[in-house]
Amino acid sequence: MGQRHSERGLGIALVLAAAVAWSTAPFFTRLLPFDPWTILFWRGLFGGSLITVFLVVMQGRAALWQLVIPGRSGLLVASLSTIGMISFIPALQMTDVMNVAVLIATQPFVAAALAWLWLGEAATWRTLIASLVAFAGVAIIVGGVRAGADISGVALSCLMVLAISAMTVVVRRHRETSMVAAAALSNFMGSLVSLPFAHDIAHVGGNSLAILVMFGCLQVALGLTFYMLGSRLLPSGQASLIATLETPLMPLWIWVAFREIPAVHALIGGALVIGAVVADIAADPRSRRTT
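Quick caveat: nothing in here was measured; it's all calculated off a predicted structure.

Trainee: Kindly report on helix α7 (residues 107-119), identifying the contributing residues and their values.
Mentor: Taking 1.5 Å of rise per residue, 13 residues should cover 18 Å, and α7 covers 17 Å from first to last C-alpha, within 8% of that figure. Turning to α7, its buried residues are Gln107, Pro108, Ala111, Ala112 and Ala115. Buried positions in α7, seen along its axis, are confined to an arc of 130° and lie on one side of it. Away from its buried face by more than 90 degrees, α7 exposes Trp116 and Leu117. In the segment just after α7, glycine 120 is the residue with positive phi, at about 70°.

Given below as structure tokens:
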């Protein structure tokens, strides 16, 4: 029981770290004046390279075989992750950022539904209620959303949510799979898919290249690795709920870097999201002791 409690705490910490890393995406994207495919190519290349270094440091050079022969579960995880990654940045450029944010907030429900259908893993009422509160918070954040949202951006956002939710459930199901190797493979696959569409590769200068290195290493490599490792230690619905902290943290980095003060509705909605996640995490140990 103590080991399970320790695993749960480690999983929460890892997914929290992933949410913080993922939330830096708008900050880096704003600094880069390139088409989304060029960003995806370099970001995936640098992110995959750093994760590969992690893999070799932790398991030795023999672990590189896990990249070449990932197995069915590893290839499935990498493919779903790739679909999510290559959908995200184009979605941000095709529709309002807040449209993307409100769809991301549905991920706990989608992940919980998939986990219930496939694994028979029922989400607790506490997590479902917290997810509803978090969804309400994101709905407040997007209160000023445009009426004529671009359908392509919305469709890509929906595809991203479905892919990441399915990945969360597969990671939970196949805990024996090397998720670090799958994370590296997904980045390289994302770069490969983006290459034919990337028009600005030759125009990337020194400063932009440095930003892309940080983008790939911080936002992608650390975020994806932390999430894959942490989500296999938590129920799928709870892992996705914690990951929704990405939404209220996004304007925080924009405020810190560009001194853009978030609107009042963004602060209220963000407080609801953070409160829902904190309440769910804090109530979890108490509910197990009661049981």
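Trainee: Outline the confidence of the model for the protein chain, listing residues and values.
Mentor: Within the protein chain, residue pLDDT values average 80, and 87% of them lie at 70 or more. The least confident element of the protein chain is helix α14 (residues 264-290), whose mean pLDDT is 67; the most confident is helix α10 (residues 179-194), at 89.

Trainee: With reference to specific residues and values, describe the packing of aromatic side chains.
Mentor: Ring pairs (aromatic) are described by centroid distance and by the angle formed between their planes. The final tally for this structure, using the stated rule, is six aromatic pairs. Between phenylalanine 28 and phenylalanine 215, the aromatic rings sit 5.1 Å apart at their centres with planes inclined by 20°, giving stacked as the arrangement. With phenylalanine 28 in helix α2 (residues 25-31) and phenylalanine 215 in helix α11 (residues 206-231), this residue pair connects regions lying 187 residues apart in the sequence. Centroid distance tryptophan 42 to phenylalanine 46: 5.7 Å. Interplanar angle 25°. Geometry classified as stacked. Taken together, the residues tryptophan 42 and phenylalanine 46, both in helix α3 (residues 36-59) and four residues apart, mark about one turn of the helix. Overall, tryptophan 42 belongs to the buried group, its relative accessible area being 17%. Feature note: the residues Phe27, Phe28 and Phe215 constitute an aromatic cluster, connected by ring pairs.

Trainee: Which residues make up the side chain of serine 87, and what values do they have?
Mentor: Its place among the elements puts serine 87 in helix α5 (residues 71-94). From its side chain, serine 87 meets the backbone oxygen of isoleucine 83 in a polar contact 2.7 Å long. Residues in contact with serine 87, not counting those within four places in the same chain, are Leu156, Leu159 and Met160.

Trainee: Could you give an account of the packing of α3 against α10, naming the residues involved and the relevant values?
Mentor: Running from amino to carboxyl end, α3 crosses α10 at an angle of 155°, the nearest separation of the two axes being 7 Å. Classed by the angle they form, the pair α3 and α10 counts as roughly antiparallel. Pair α3 / α10 crosses with left-handed handedness. Of the residues in the contact of α3 with α10, the class split is twelve nonpolar, eight polar and one charged.

Cut-off values and rules
- Residues numbered from 1 in each chain as written.
- Predicted model: local features only at pLDDT ≥ 70, side-chain atom pairs only at ≥ 80, totals over all residues.
- Heavy atoms only, no water.
- Helix = DSSP H or I, 4+ residues; strand = E, 2+ residues; numbered from the N terminus.
- Expected span 1.5 Å × (residues − 1).
- Buried < 20%, exposed > 50% of the residue type's maximum accessible area, 1.4 Å probe, protein only.
- Arc of directions from axis to C-beta.
- pLDDT = per-residue confidence, 0-100.
- Phe/Tyr/Trp six-rings, centres within 6.5 Å; stacked < 30°, edge-to-face > 60°.
- Polar contact = N/O pair within 3.5 Å; in protein donor to acceptor, adjacent residues only side chain to side chain.
- Contact = heavy atoms within 4.5 Å.
- Axes fitted to C-alpha atoms, helices over the stretch in contact; angles between N-to-C directions.
- Parallel < 35°, antiparallel > 145°, perpendicular 65-115°, else oblique.
- Left-handed = near helix turned anticlockwise from the far one by under 90°.
- Nonpolar A, V, L, I, M, F, W, Y, C, P; charged D, E, K, R; others polar.

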